[in-house]
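Letter by letter, the chains look like this.
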Protein chains: 2
Amino acid sequence: MSTLPFHETLDLSLCGQLGRVHRACREAVSVAVAPLGFTQPRWTAMMHIHHLGEGCTQHQVANSLGIEMPSLTRTLKQLEQSDIIVRNVDSQDKRCRRIYFTEQGLADLARLKQRISEIKELLYHGLSDEQLNIIAHGLVQLEENALKLAHKEVSL
Amino acid sequence: MSTLPFHETLDLSLCGQLGRVHRACREAVSVAVAPLGFTQPRWTAMMHIHHLGEGCTQHQVANSLGIEMPSLTRTLKQLEQSDIIVRNVDSQDKRCRRIYFTEQGLADLARLKQRISEIKELLYHGLSDEQLNIIAHGLVQLEENALKLAHKEVSL
DNA sequence: TTAAAATACTTAGCATGCTAACTAATTTGA
DNA sequence: TCAAATTAGTTAGCATGCTAAGTATTTTAA
């Protein structure tokens, strides 16, 4: 990495910098959970399904992840093929598919949560809670500004 | 956006959050420079070539951008086809191709720089220099941690 | 009440990152 | 000095985001 530190290239490459950090973090977690057979889109989907609670709809998961439906469809299909989740058509509203973990999926989820809590320590090493908080809020602000600029209004 | 703010989902979705902000920023800048006909990989490449100075090699640009050569090759080919740059084989070392802007490219670059300085204001609106600095350093730290975790050593 | 709009999801295909494996040119070192 | 290693760049093809456009179902409203 001969790249300049962020603050010196802020003008030049904010987009690229964010992309780099994103790819690095994704790669780090992917390596950590690879023994369990999960890629980043899969494990994040699993965590968000867990967070929303079983029986959530695909739409809810996409919203929670902040990605579009077609991106999610692909990932959920893979999770279903791997026997991690099932997607049952809702009997009330036949447009919706409600998501549940399989027995296998629940076991994998437990191991996943364990693994993630371990690497979180390492990923945030050297960053204080206060720093993390400032970064958190800063990124939210940045995202809002960007969405406004792109003429995509922010509800909320 | 019904997604939760960053600090509430830190445990869950750091990777996804960074990806979201990255995509939002990219989209914002892309919209802003679209009238000039540039996509994010193209305009960032142009800015880094400018920063490194004409006559730089592709390798240098890839390093500066923090992306791999094949990703850059595609983008530079597009810029060459659009008559923005030329890539001349170095007479000393025939493996290298040295990059120069065309007359057209220099004109586009000038307009690009103008446009970017305008939207930078809007993108960073509401963020103090100190906040930006903390974010900058935090992201560098995060990237280092992540690269270490992924067993890719940081040569700095 | 039923035609139009909205909603949940899918499919197809693009954009831009990546790795693996290749060519060609240069450098190294036995 | 010349075979092996390194370096710059390319090509092919994967991963994961996206939009556009389609289907099926539900809701709305004239």
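Residues numbered from 1 in each chain as written. Chains lettered and ligands numbered in written order. Predicted model: local features only at pLDDT ≥ 70, side-chain atom pairs only at ≥ 80, totals over all residues.

K.L.:
Can you tell me about the overall build of chain A, naming the residues and giving the values?
P.N.:
When you go through chain A residue by residue, the secondary structure sums to 6 helices and 2 strands. Secondary structure elements of chain A occur, N-terminal to C-terminal, as α-α-α-α-β-β-α-α. Out of the 156 residues in chain A, the part that is buried amounts to 38%. For chain A, the proportion of contacts with a sequence separation of at least 24, taken over those separated by at least 6, is 40%. (Helix = DSSP H or I, 4+ residues; strand = E, 2+ residues; numbered from the N terminus. Buried ≥ 20, exposed ≤ 12 C-beta atoms within 10 Å, placed from the backbone. Contact = placed C-beta atoms within 7 Å.)

K.L.:
So what's going on with the protein's contact with DNA strand D? Which residues, and what values?
P.N.:
Among the 22 residues in the neighbourhood of DNA strand D, the closest are listed as Pro70(A), Gln58(B), His59(B), Pro70(B) and Thr73(B). Only helix H2 (40-52) and helix H4 (69-81) of chain A together with helix H1 (10-33), helix H3 (58-65) and helix H4 (69-81) of chain B provide two or more residues apiece to the surface near DNA strand D. (Near = placed C-beta within 6 Å.)

K.L.:
Pulling in residues and values, what's your account of the environment of Leu76(B)?
P.N.:
Residues and elements named next belong to chain B. Relative to the helices and strands, Leu76 is located in helix H4. Taking the number of C-beta atoms within 10 Å as the measure of exposure, Leu76 has 23 and is therefore buried. Between the C-alpha atom of Leu76 and that of Arg87, which follows or precedes it by 11 residues, the distance is 8.6 Å. If sequence neighbours within four positions are ignored, Leu76 has contacts with Ala45, Gln58, Ile85 and Arg87.

K.L.:
Report on helix H3 (residues 58-65) of chain A, specifying residues and quantitative values.
P.N.:
Residues and elements named next belong to chain A. Restricting attention to buried positions, one finds in H3 the residues Val61, Ala62, Ser64 and Leu65. Take H3 and look down its axis: the buried residues cluster within an arc of 165 degrees, on one side only. Just downstream of H3, Gly66 is the residue with a positive phi angle, here 75 degrees. (Arc of directions from axis to C-beta.)

K.L.:
How would you explain the confidence of the model for chain A if you had to name every residue and give the values?
P.N.:
All names here are of chain A. Overall, the predicted model of chain A reaches an average pLDDT of 85, with 87% of residues at or above 70. Per-element averaging of pLDDT across chain A places helix H1 (residues 10-33) at the bottom with 77 and strand S2 (residues 97-101) at the top with 98. Low pLDDT (under 50) marks residues 1-10, which in the prediction has 20 contacts with non-local residues, meaning those over four places away or in another chain. (pLDDT = per-residue confidence, 0-100.)

K.L.:
Describe in detail the packing of H2(A) against H3(A), supporting the description with residues and values.
P.N.:
All names here are of chain A. Contact geometry of H2 with H3 gives a least axis separation of 10 Å together with a crossing angle of 110 degrees. Considering their axes alone, H2 and H3 lie roughly perpendicular with respect to each other. In this structure, H2 crosses over H3, and the sense of that crossing is right-handed. Residues Thr44, Ala45, His48, Ile49, His51 and Leu52 of H2 form the contact with H3, whose participating residues are Gln60, Val61, Ser64 and Leu65. (Axes fitted to C-alpha atoms, helices over the stretch in contact; angles between N-to-C directions. Parallel < 35°, antiparallel > 145°, perpendicular 65-115°, else oblique. Left-handed = near helix turned anticlockwise from the far one by under 90°.)

K.L.:
Before we move on, could you go through the protein's contact with DNA strand C and cite the residues and values that matter?
P.N.:
If you check the shell around DNA strand C, you find 22 residues, and the closest are His59(A), Pro70(A), Thr73(A), Thr39(B) and Pro70(B). Elements represented by at least two residues in the surface near DNA strand C include exactly H1, H3 and H4 of chain A together with helix H2 (40-52) and H4 of chain B. Here the residues of the surface near DNA strand C are counted per class, giving 6 nonpolar, 9 polar and 7 charged. (Nonpolar A, V, L, I, M, F, W, Y, C, P; charged D, E, K, R; others polar.)

K.L.:
Mind laying out H4(B), listing which residues take part and the relevant values?
P.N.:
Residue and element names in this part refer to chain B. Taking 1.5 Å as the rise per residue, H4 with 13 residues should run 18 Å; its terminal C-alpha atoms sit 18 Å apart, in good agreement. All of the buried residues in H4 are Leu72, Thr75, Leu76 and Leu79. The buried residues of H4 occupy an angular sector of 100 degrees when projected down its axis, which confines them to one face. Facing away from the buried side of H4 by more than 90 degrees, the exposed set consists of Pro70, Arg74, Lys77 and Gln81. Residues of H4 that are buried make contact with H2, H3 and strand S1 (85-89). (Expected span 1.5 Å × (residues − 1).)

K.L.:
Can you explain unusual backbone geometry? Please cite residues and give values.
P.N.:
Residues and elements named next belong to chain A. Even without glycine at this site, Asp83 takes up a positive phi of about 65 degrees. Assignment of secondary structure puts Asp83 in the loop between H4 and strand S1 (85-89). Owing to 12 C-beta atoms within 10 Å, Asp83 belongs among the exposed residues under this scheme.

K.L.:
Could you give me a rundown of the nonpolar core, with the residues and numbers involved?
P.N.:
Membership of the largest hydrophobic core comes to 67 residues, with the highest contact counts inside it found for Cys25(A), Ala28(A), Ala45(A), Cys25(B), Ala28(B), Ala45(B) and Ala146(B). Every residue in contact with Ala28(A), bar those within four places of it in the chain, is listed here: Leu123(A), Ala146(B), Leu149(B) and Ala150(B). (Core = buried A, V, L, I, M, F, W, Y, C linked by C-beta atoms within 7 Å.)

K.L.:
Mind laying out the packing of H3(A) against H4(A), listing which residues take part and the relevant values?
P.N.:
All names here are of chain A. Their axes nearest at 9 Å, the elements H3 and H4 cross at an angle of 110 degrees. The angle between H3 and H4 falls in the class roughly perpendicular. The hand of the H3/H4 crossing is right-handed. Residue-level contacts link Gln58, His59, Val61, Ala62 and Leu65 of H3 to Met69, Leu72 and Leu76 of H4. Considering only residue class, the contact of H3 with H4 consists of 6 nonpolar, 2 polar and no charged.

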